[in-house]
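Residue-level structure breakdown
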Amino acid sequence: MSSAPVRDESRRTTQKLIIFDTTLRDGEQSPGCSMNVAEKLQVARALARLGVDVIEAGFPIASPGDFESVRQIATDIDGPVICVLARCIPEDIDRAWEAVRPSARPRLHVFLATSAIHRQAKLHMGKHEIVRHARAGVAQARELCDDVEFSPEDAARTEPDFLAEVVETAIAAGATTINIPDTVGYATPDEFRTLIAHLRRSVRGMERVVLSVHCHNDLGLAVANSLAAVQAGARQIECTINGIGERAGNCALEEVVMAVRTRRDRLPVWVDVDTTRLYPTSRLVCAITGSHVQRNKAVVGENAFAHEAGIHQHGVLQNRATYEIMRAEDVGFRHSALVLGKHSGRHALRAHIERLGFEVTDAQLDLVAARFKELADRKKEIYDADIEALVLGNNDAAASGWRLCSLHTVAGTQAIATATIEIAECDADTVVREAACGDGPIDAVFKAIARATGLALQVRDYKVRSVTIGEDAQSEVIVEIAFDSEPYRGRGISTDTVEASALAILDVVNRLLRLNVLTPEAALSGTS
Ligand code: KIV
Ligand code: ZN
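Since the structure is predicted, the reported quantities are computational estimates derived from the model, not experimental observations.

Reading the values: rules and limits
- Residues numbered from 1 in each chain as written.
- Chains lettered and ligands numbered in written order.
- Predicted model: local features only at pLDDT ≥ 70, side-chain atom pairs only at ≥ 80, totals over all residues.
- Heavy atoms only, no water.
- Core = buried A, V, L, I, M, F, W, Y, C linked by side-chain atoms within 4.5 Å.
- Buried < 20%, exposed > 50% of the residue type's maximum accessible area, 1.4 Å probe, protein only.
- Helix = DSSP H or I, 4+ residues; strand = E, 2+ residues; numbered from the N terminus.
- Domains from an automatic or database assignment.
- Contact = heavy atoms within 4.5 Å.
- Phe/Tyr/Trp six-rings, centres within 6.5 Å; stacked < 30°, edge-to-face > 60°.
- Buried area = accessible area lost by both parts, 1.4 Å probe.
- Salt bridge = Lys/Arg side-chain N within 4 Å of Asp/Glu carboxyl O.
- Polar contact = N/O pair within 3.5 Å; in protein donor to acceptor, adjacent residues only side chain to side chain.
- pLDDT = per-residue confidence, 0-100.

Counting residues in hydrophobic clusters, the biggest one holds 116 residues, and the most contacted among them are Ile19, Phe150, Ile178, Ile180 and Phe192. With seven residues, the top contributor of residues to this core is helix α6 (residues 160-172). Counting contributing residues per domain, this core is built from domain 1 (16-289) and domain 2 (337-391), each supplying no fewer than three. Here Ile180 is in contact with Pro152, Ala155, Val167, Phe192, Leu195, Ile196, Leu199, Leu211, Ser212, Val213 and His214, once residues within four sequence places are set aside. One finds Ala448, Ile505, Val508 and Val509 within the second-largest nonpolar core, a separate group that totals 29 residues.

This is the structure in structure tokens:
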């Protein structure tokens, strides 16, 4: 087995599989995963470094924020094709083009539902109308851009012959990629393979276009269906980091990439992805969205390379291949090792951060270095996971919104829990002081922060995990609040769980402020 950077060597005899990442579009549609423009740019940069072929950057007609982030990504990110989504509606397509046109490699992706249920219940259109709109949408997009993708939404539940007719029409109108979505994650692998084979056989012009698939994970079959489609001739897979996306999510990019790389004998394709960047990219997306992957998640879960049973450990010590089909280092995963000491300098810190697969600007390094020193005063041993947590912490937290100045709590079995907090707006000197009682110290802190910020914060979910081993390990708290019925998440890290909780709730507040969803009145009532 080779070591980093890992590139596929079998490309002379097989075909390339295009990796189309839709973390910033379909992934961002998953509840609580919304990102602001700066966060989307950070993810887009990480995706470009990972080596994906296409980045679907957003759906510009959806909101001004979506438009702005697509435009910034199209302007700043070199390398991958930058794709944008639009319905087969003239204004959508014009708006999408306006957003993506600064890119050196723009793509317009137009879609229209084709299944009977969508035609009747959602679109109120007959088959002829669907064909007409698909033709017009693709033709308009093609006048603007040479690279046009067409998706018949809910294709997997569409009558195969009608699907073939729509696809043929889209190709004749100028589509260069045809994407077949299993929008509701309903297909089974054998069924989806048969559908792809049917389209390849029966659609005129199919040999001129790239055939793509886009599978949702409602039955846990997104990756299996995508790979079955590859065996039937699909050469683009649409996927997201950590499989995030609508409902149960999309096909997980890291799983597809490692399946292709590990099972070349079954999958006659290669991918142009630097697999050693899979784990750092996964961690970045977790940190930005506040949405964690489960410990046993394939490829990027914390337990993906852990061997618990003695018999397994013994086997691995004799020969790794007994129980390991991939190497942790090939996906950029390092078992948490004891690292730097209190006196390590900035250069050592930067070098270490880069070895972990992350990039920081000078300003971010200043913040991380300051937090590192604070941490080294509180904690005897500092591990890779601690450094990762510092790097992925909210590094622009100090630049906008509220910051925590001080925190004092009293709690106990016979005492009423109380919290006193002092917070200040980052660009102002005035400190706001508040106190509250609660059902335990964390609840009291949340109530005090709600009072101080004037926000009605309804906490929906609260998770805490230990970043590393040891009594003095840092706690990572993820808190989810409901605002205007939408979930928003925030993250806080500290060796003190109560402080981490306060930082997490302030992170949500600052996120709401940055997303501009708060008006002063809405803030008080919890609606926008
Ligand atoms: O799931 C789906 O059908 C989609 C399309 C817009 C490609 O996301
Ligand atoms: Zn989708």
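By the definition in use, this model includes four aromatic pairs. Aromatic pair Tyr279 and Phe333: ring centres 4.8 Å apart, planes at 80°, arrangement edge-to-face. Placement of Tyr279 in helix α10 (residues 278-289) and of Phe333 in the loop between α11 (310-318) and α12 (346-355) is noted, with a sequence separation of 54 residues between them. For the pair Tyr279 and Phe333, a shared accessibility class is recorded, and that class is buried.

Here the domain parsing of the protein yields domain 1 (16-289), domain 2 (337-391) and domain 3 (397-525). Relative to domain 3, the C-alpha centre of domain 1 lies at a distance of 37 Å. Summing the contributions of domain 1 and of domain 3, the shared interface buries around 780 Å²; its carbon and sulfur component is 38%. At the boundary of domain 1 and domain 3, one finds one salt bridge. Inspection of the region where domain 1 meets domain 3 yields one residue pair in polar contact (both at pLDDT 80 or more). Here the side of domain 1 that touches domain 3 gets four residues from one element, more than from any other, and that element is α10.

Bringing the environment of Leu513 into the picture now. Examined against the element boundaries, Leu513 turns out to sit in helix α16 (residues 497-514). A residue is classified by how much of its surface remains accessible, and Leu513, at 35% relative accessible area, is partly exposed. Each C-alpha atom of the pair Leu513 and Ser400 lies 8.7 Å from the other, and the pair is 113 residues apart in sequence.

It is worth spelling out the confidence of the model for the protein at this point. A residue-level look at the protein finds 92% of positions with pLDDT of 70 or above and a mean pLDDT of 89. Ignoring residues within four places in sequence, the model shows residues 1-5, a span with pLDDT below 50, making nine contacts including any to other chains.

Here we take up unusual backbone geometry. Even without being a glycine, Asp154 presents a positive backbone phi close to 60°. Under the relative-accessibility criterion, Asp154 is labelled buried at 0%. Of note in this structure, Val299 is not a glycine but carries a positive phi near 70°.

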